[in-house]
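Inside the fold
Listed below are the residues making up each chain.
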Amino acid sequence: MRTYFNLFLTLTTSLCLAQTTTVSTGGSITIQSTSSWSTSDLSVSGGSVVINSDATNSGTLIATGTGSTSSGGTITYNRYLDDTDYHIISSPVEGQAVTAFVNNTDNTLATSGTLVGVGKYDNSNASGSRWEWYDTSSSFADTNFNTGEGYAIRRTSAGTLSFEGGYPTTETNEVKVTLSTDANGHFWYMVGNPYTAYMTATSTNESANTLLSYNVDLLDQAYAALYFYDGESWTPVNGTSDTYIAPGQAFAVRMVDKNPYIFRMPQSYQKHITQTDNFYKADELPKLTLYTTDGDRLAQTVVMYTDNGTEGLDPGYDAGTFESGQELTLDTKLIDPMGTQDPNFSIQVLSNMRYEEQVIPVAIKAAADKEISFSYESTNIPSNLDVYLEDR
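Here goes a summary of the coordinates provided. If you're wondering where the values come from, they're calculated on a predicted model, not measured in any experiment.

Once that is clear, we can look at the overall build of the protein. Within the protein, the secondary structure is distributed over two helices and 31 strands. Its C-alpha atoms give the protein a radius of gyration of 22 Å, near enough to 21 Å, the size a compact globule of 392 residues would have. In terms of overall dimensions, the protein has C-alpha extents of about 70 × 50 × 40 Å along its principal axes. Each of the 392 residues in the protein was classed as buried or not, and the buried ones make up 51%. Relative to all contacts within the protein whose residues are 6 or more apart in sequence, the contacts with residues 24 or more apart total 70%. As displayed, the protein offers around 18,000 Å² of accessible surface, 45% of which is attributable to carbon and sulfur atoms. In the protein, 19 positive and 45 negative side-chain charges are present, and the distance between their average locations comes to 4 Å.

This next bit is on a negative patch on the surface. Taken together, the side chains of D82, D85, D230 and E232 present a region of like negative charge at the surface. Take D230: it is sitting in the loop between β19 (226-229) and β20 (234-237).

Between side chains of opposite charge, a pair can form as their charged atoms come close. Applying the stated criterion across every chain, the model contains ten salt bridges. Taking the shortest distance from any N to any O, the salt bridge between K120 and E149 comes out at 2.6 Å. Here K120, found in strand β12 (residues 115-121), pairs with E149, found in the loop between β13 (131-135) and β14 (151-153); they are 29 residues apart in sequence, far enough to count as distant. A single burial state applies to K120 and to E149, both of which are buried. For R354, the salt bridge goes to E357, with nearest N and O atoms at 2.9 Å. Counted as one network, the salt bridges with shared partners bring together K120, D142 and E149.

Moving on, we get to the side chain of T196. Looking at the element boundaries, T196 is found in the loop between β17 (188-192) and β18 (198-202). Note on T196: relative accessible area 0%, which makes it buried. Separated by 2.6 Å, the side chain of T196 and the backbone oxygen of L61 make a polar contact. Excluding anything up to four places from it in sequence, T196 contacts I51, G59, T60, L61, Y77, P92, V93, Y167 and P247.

Rules of the game
- Residues numbered from 1 in each chain as written.
- Predicted model: local features only at pLDDT ≥ 70, side-chain atom pairs only at ≥ 80, totals over all residues.
- Heavy atoms only, no water.
- Helix = DSSP H or I, 4+ residues; strand = E, 2+ residues; numbered from the N terminus.
- Rg over C-alpha atoms; globule rule 2.2 N^0.38 Å.
- Buried < 20%, exposed > 50% of the residue type's maximum accessible area, 1.4 Å probe, protein only.
- Contact = heavy atoms within 4.5 Å.
- Areas by Shrake-Rupley, 256 points an atom, 1.4 Å probe, with all protein chains shown as cover.
- Lys, Arg positive; Asp, Glu negative; His and termini not counted.
- Charge placed at Lys NZ, Arg CZ, Asp CG, Glu CD.
- Patch = residues over 30% accessible without salt bridge, like charges linked within 9 Å, V, L, I, M, F, W, Y side chains within 5 Å.
- Salt bridge = Lys/Arg side-chain N within 4 Å of Asp/Glu carboxyl O.
- Polar contact = N/O pair within 3.5 Å; in protein donor to acceptor, adjacent residues only side chain to side chain.

The structure is reproduced here in structure tokens:
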């Protein structure tokens, strides 16, 4: 079925399917936040496609074959943010000029003097200087938002960020992002969803096709996870949860060294989902969450239990901590760190057959002369077990 538009259409149904969709000059499609459109091939030739999101839902558009824009045609994604925290965002369209994005007053970006709340991560810079901010008095590192790259963006109030451009360029049905650096030890990168739909990120089903499993061999095995920023700290997500990445959502990954790598995002991993929450979890594994607070800040670390967990490194399940300068941190160490550099871990997965025998080292960083307190939550842990925190 071929679908041609040279008129205005607003899509409010939950899902519409077409073999080929062409939006010609004068025509437009608006996909509301609760709606989805799937097509084999997409051609926006002089017309426009607008996709909306709100506080609870995100509209989605999937082209499983080719997607193109020409003759002035545009795709606009209006990405809703519900607070004024910094978010790690990727452009869901290709070709959005950074300066035009900054100058769009509807985006209401935060400012400080000549600096604007749009930042690019440069891992070759020294710690504390890795975010390079848009400065109205000088040039920015990128002319356009790079496809599949994550940027830090902050609004002054809740509302939408408007991205306008074309459908992302694919090669062999994938968006490919080259990651390389001159850094000698800091191999973190910001990567993001380049599509106008959700992507399958992680799964508790080991046989599932996910973004993490597809790229896991590129990653430092102690950090085999996707790291999401929540406004205060970085949360790793891996094979311990079922996760989808929303349009416009970006994350951090850590490579094993400075060599160039290609991070690949297949078109086939796109999904239609009608909620903006980035994390979708199945029934939770047995876990302990340990918290600490100094009265001003809260930090946490997670220990999970599975049939196959070990006391050593379990790549894709254990997740090392993204150190980003927080004043208060709480992590664990591997019980058996043999063969690793013994980093701190935000998530550690252990065997559910040896609860009573496991003594888990805990690592804490806190400010001097601050009193800290601890608490914990248990989920699906046998009720006859007691948990102790010891100062050894």
